[in-house]
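# Geometric and topological summary
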Amino acid sequence: MDSQTQMKQIVADAAIKEVKNDMIVGLGSGSTAALMIKSLAGEIHSGKLRNIRGVATSFQSEVLALELNIPLIDLASVSQIDLAIDGADEVDPGFQLIKGGGACHVREKLVADKANKLLIVVDETKLVKNLNRTFPLPVEVLPNAWKHVKEAISEMNGNSSLRMATKKAGPVVTDQGNLILDVLFKDGIKNPRDIEMIINNIPGVLENGLFVNRTDKVLVGKIENNVPVVYSLSKVC
Ligand code: 5RP
């Protein structure tokens, strides 16, 4: 196992300790969340955790949970989720996030919105001082609006590119049938709350990957003296 996977595995396992019997758990997306889902399935099938129901944040997490026999309930049929556990692409010192590297941020944000607690699990490569210096902000747009949104973001000094698929000609198509613009702002994102709202106000935008003031706890995996360890990140206000 490479060192990044070791960091992801240890943080995924640590997250499961926060799950208690009878909880409804938001199942995040991406490679770290996938390890967490596998770990959760292990605890359920060994009998350590009872009466757990999951709410998927993507086709990926839904398929994985089905394969692992984790009982699922639909987002529309829950009024609240006890705990959502998800990965992130960037985490700043104030716990503001960029998500959507897997193009799943629309449902991830819906699940986070219904969750009493949002627990983010990352390896330490995801920790940044300022958002969007290197990782582009994913913006989900209606297919026939991508050009319009790209132009509107360009007026905000944002450089967007349409995310292209691999092993398929043309763009990435999201679980909702939309497209993704990946946006880098000239000086990064200093005011995530404003940028989140301004982008979502552009006609044709469904949702962007900024998660502002939503995160309750961040667990970080790192390698120390060749050993993977996990710690809880302290928030800087
Ligand atoms: C998917 C996400 C993921 O949580 C994010 O991309 C992190 O993924 P990984 O754990 O594979 O690095 O937001 O939309």
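Everything below is about the structure shown above.
Attention in this report is confined to the structure presented alongside it. (Residues numbered from 1 in each chain as written. Predicted model: local features only at pLDDT ≥ 70, side-chain atom pairs only at ≥ 80, totals over all residues. Heavy atoms only, no water.)

## Quick notes on the site of the ligand
The immediate surroundings of the ligand are formed by 17 residues, with Ser 31, Thr 32, Asp 89, Gly 100 and Lys 126 found nearest. With respect to the ligand, the side chain of Asp 86 contributes an N or O atom lying 3.5 Å from an oxygen atom. Contacts to the ligand include Lys 126, whose side-chain N or O atom sits 2.6 Å from an oxygen atom. Calculation on the ligand without its partners gives an accessible area of 380 Å², and the protein chains cover 91% of this total. Residue classes in the shell around the ligand are distributed as 3 nonpolar, 8 polar and 6 charged. (Near = heavy atom within 4 Å. Polar contact = N/O pair within 3.5 Å; in protein donor to acceptor, adjacent residues only side chain to side chain. Areas by Shrake-Rupley, 256 points an atom, 1.4 Å probe, with all protein chains shown as cover. Nonpolar A, V, L, I, M, F, W, Y, C, P; charged D, E, K, R; others polar.)

## Details of the environment of Glu 124
Mapped onto the fold, Glu 124 is located in the loop between strand E6 (118–123) and strand E7 (137–141). For Glu 124, a relative accessible area of 34% puts it in the partly exposed group. Glu 124 sits 99 residues away from Ile 223 along the chain, and the two C-alpha atoms are 8.8 Å apart. The residues touching Glu 124, leaving out its near neighbours within four places in the chain, are Met 7, Val 220, Gly 221, Lys 222 and Tyr 231. (Helix = DSSP H or I, 4+ residues; strand = E, 2+ residues; numbered from the N terminus. Buried < 20%, exposed > 50% of the residue type's maximum accessible area, 1.4 Å probe, protein only. Contact = heavy atoms within 4.5 Å.)

Take it as geometry only, folks, not as evidence of what the structure does.
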